[in-house]
Amino acid sequence: MIRLAVIGDPIEHSLSPAVHGAALNRLGIEYEYKKVLVHPENLGEFVKTARAGGYDGFNLTMPHKVNILPYLSQTDEEAQYYSAVNTVCVRDGELYGFNTDGIGYELALGRMGKRFRGSRLVVLGAGGAAAAVIAAAIRGGAESISVACRTAAHAEKICDRDTGDTKVKICGFSDTEIAAECKGAEVLINATPLGMEGVAHNFDGFDFLDALPQEALVSDLIYKPNKTKLLAEAEARGLKTQNGLDMLIFQAIAADERYLDRKLDVQDLYKTVIDAVKDR
Ligand code: NAP
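This structure is a prediction, so every number in the text was calculated from the model and none was measured.

### So, helix α10 (residues 266–277)
Consideration 1: Counted at 1.5 Å a residue, the expected span for α10 with its 12 residues is 16 Å, and the 16 Å between its end C-alpha atoms agrees.
Consideration 2: Val266, Leu269, Tyr270, Val273, Ile274 and Val277 are the residues of α10 that are buried. Looking down the long axis of α10, one finds its buried residues gathered within 130 degrees of arc, a one-sided arrangement. Residues of α10 that are exposed and point more than 90 degrees away from the buried face comprise Lys271 and Asp275.
Consideration 3: Where α10 is buried, its residues touch α1 (16–26), α4 (101–111) and α9 (245–260).

### Details of the packing of α9 against α10
Consideration 1: Where α9 contacts α10, the axes come no closer than 10 Å and their chain directions differ by 130 degrees. With respect to their mutual orientation, α9 and α10 come out oblique. By crossing handedness, the relation of α9 to α10 is classed as right-handed. Of the residues in α10, those touching α9 at Leu245, Asp246, Ile249, Phe250, Ile253 and Glu257 are Val266, Gln267, Leu269, Tyr270, Val273, Ile274 and Val277.
Consideration 2: Considered class by class, the residues forming the contact of α9 with α10 number 10 nonpolar, 1 polar and 2 charged.

### Quick look at the site of the ligand
Consideration 1: Near the ligand you find 22 residues, and of these Ala126, Ala129, Arg150, Thr151 and His154 are the closest.
Consideration 2: Gly127 places a polar main-chain atom, nitrogen or oxygen, 3.3 Å from an oxygen atom of the ligand.
Consideration 3: Within the contact set of the ligand, a nitrogen atom lies 2.9 Å away from a backbone nitrogen or oxygen of Gly244.
Consideration 4: Contact with the protein chains removes 77% of the 920 Å² of surface that the ligand exposes when unbound.
Consideration 5: Elements that contribute at least two residues to the shell around the ligand include exactly α5 (128–139) and α9.
Consideration 6: The residue inventory of the shell around the ligand, partitioned by class, reads 14 nonpolar, 7 polar and 1 charged.

Analysis parameters
Residues numbered from 1 in each chain as written. Predicted model: local features only at pLDDT ≥ 70, side-chain atom pairs only at ≥ 80, totals over all residues. Heavy atoms only, no water. Helix = DSSP H or I, 4+ residues; strand = E, 2+ residues; numbered from the N terminus. Expected span 1.5 Å × (residues − 1). Buried < 20%, exposed > 50% of the residue type's maximum accessible area, 1.4 Å probe, protein only. Arc of directions from axis to C-beta. Contact = heavy atoms within 4.5 Å. Axes fitted to C-alpha atoms, helices over the stretch in contact; angles between N-to-C directions. Parallel < 35°, antiparallel > 145°, perpendicular 65-115°, else oblique. Left-handed = near helix turned anticlockwise from the far one by under 90°. Nonpolar A, V, L, I, M, F, W, Y, C, P; charged D, E, K, R; others polar. Near = heavy atom within 4 Å. Polar contact = N/O pair within 3.5 Å; in protein donor to acceptor, adjacent residues only side chain to side chain. Areas by Shrake-Rupley, 256 points an atom, 1.4 Å probe, with all protein chains shown as cover.

Below, the structure written as structure tokens:
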């Protein structure tokens, strides 16, 4: 029996137990996957429990993805590249950190017939999720990334890395500024909480969508509700859309590969998991 958990604060609405549960059931693995509320000041205590054999691994969500770093014996190349960890494996009392967010988003894009290489992207927001998508896009050889953000300093911080051949531009969050970046873009990614269940704010308007080419994809990292206003507006304009569920599922399957230390049939598991969680 493998003992797993997802930790965060808040954690109540996490879909991770359902997502991992569906994948592990399909694989016939005996498991326990808990949802554990861990306040920032209690992370050390949780780590102690995990090291003492309480868990074989755990996923991390806000606000622990960076704070876990000092507790790890080793991090993989991805986690070093992202300076954040979303998956920890516990082996012989040592903690090993991985980051599967980038691969999760890349696989999600692939499902929509898109890829990073050579693509022009617009990312809305400059928090943790934006950082993961931007890092993965640079690594994946995107042609250009425009980051629209209300706090320029946050965008500057997450873009402060070797961007290789990818052109990175930071702009403001007004409708006109976003629209200017949408011209000729192939993928628009919402990495802000605007439109999320329980968040009072939404975009002031959606006119910027009119500037996107007809074959563009509008990708919202939010999965609750499963169709945000942004996605509904994009759909009404005949654009392709994708919510955040695909990213969530693919990063979870990639995490399961780390837990089980073996390659999995990712596309087969995706089908099982999406059927299990799409209406939750
Ligand atoms: P975060 O670190 O708090 O960053 C949020 C970003 O949104 C910040 O850049 C913030 O701007 C911006 N923002 C917030 N309110 C805004 C407003 N009213 N106007 C303009 N910008 C605003 O959050 P996160 O962890 O990156 O998560 C972002 C979204 O992605 C959430 O909806 C989350 O559920 C989703 N997500 C999905 C997945 C998945 O697997 N599908 C994974 C991770 C996150 P400032 O920089 O100015 O503060």
